[in-house]
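Observations on the three-dimensional arrangement
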Amino acid sequence: MRALIATILTASFFMIACKKGSNPASPVYFGKWEVRRVYGGNILPADSVYKPGNGNILQLNSDSTYKSYTTNKLSGQGVFHIRKNAFKSGTNSYDELYYDSDTSFGSVILFNGDTLTIRPIMPDISTTAYLNIQN
């Protein structure tokens, strides 16, 4: 009986915690972001600088959905999750970004003015810097 109650309570907790639309993300993350630079990591693509209007876009919506475009063609979509202050580096804390249900490959989010930088926690994957093109 205790196991059944514990299971029900645990399931209820996860259903409430994962409720769609309860994204704790800062509104500064929402909007359309176009790739300007890809660098670092050991996995392709190679370090690159992108010109404005390249069509490589990440759209983060306030309802926790995202769309990604490669040369203006939809290449991915789903749900994103942001964990506030989840990544610690010394005395600094950073938000982490996860796509869909994959919580094993998160990325640190750095925001500076109109630039959003997404740096995967796994160092083999390249960091991507985006410029805000639409709120």
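Heads up: the structure comes first, above all this text.
Computed from a predicted structure; not experimentally measured.

Here is what the cut-offs are and how they apply
Residues numbered from 1 in each chain as written. Predicted model: local features only at pLDDT ≥ 70, side-chain atom pairs only at ≥ 80, totals over all residues. Heavy atoms only, no water. Helix = DSSP H or I, 4+ residues; strand = E, 2+ residues; numbered from the N terminus. Buried < 20%, exposed > 50% of the residue type's maximum accessible area, 1.4 Å probe, protein only. Contact = heavy atoms within 4.5 Å. Areas by Shrake-Rupley, 256 points an atom, 1.4 Å probe, with all protein chains shown as cover. Salt bridge = Lys/Arg side-chain N within 4 Å of Asp/Glu carboxyl O. Phe/Tyr/Trp six-rings, centres within 6.5 Å; stacked < 30°, edge-to-face > 60°. Lys NZ or Arg CZ within 6 Å of the ring centre and 35° of its normal.

Here we take up the overall build of the protein chain. Assigned secondary structure in the protein chain consists of 1 helix and 9 strands. Along the protein chain, from the amino end to the carboxyl end, the secondary structure elements read α-β-β-β-β-β-β-β-β-β. With 135 residues in all, the protein chain has 30% of them scored as buried. Excluding contacts between residues fewer than 6 apart, the proportion of contacts in the protein chain whose partners are at least 24 apart in sequence is 37%. Carbon and sulfur atoms provide 58% of the accessible area of the protein chain, an area that totals close to 8,600 Å².

Using the criterion set out here, one finds 2 salt bridges in the structure. The salt bridge involving R36 is made with E34; its shortest N-O contact spans 2.6 Å. Here K84 and D95 are joined by a salt bridge, their closest N and O atoms 3.1 Å apart. Here D95 lies in strand 6 (residues 92-99) and K84 lies in strand 5 (residues 73-89), a separation of 11 residues in the sequence. The partly exposed category is assigned to K84, whose relative accessible area is 38%.

All right, on to the packing of aromatic side chains then. Per the counting criterion, the structure on display carries 2 aromatic pairs. Arranged with centres 6.2 Å apart and planes meeting at 90°, the rings of W33 and F111 form a pair that is edge-to-face. Here the residue W33 occupies a position in strand 1 (residues 31-39), and F111 occupies one in strand 7 (residues 107-112), the gap between them amounting to 78 residues. With a relative accessible area of 1%, W33 lands in the buried category. The ring of Y39 is capped by R37, whose NZ or CZ atom sits 3.8 Å from the centre of that ring. Against the face of Y98 rests R83, its NZ or CZ located 4.5 Å from the ring centre.

This is a description of form; function is not addressed.
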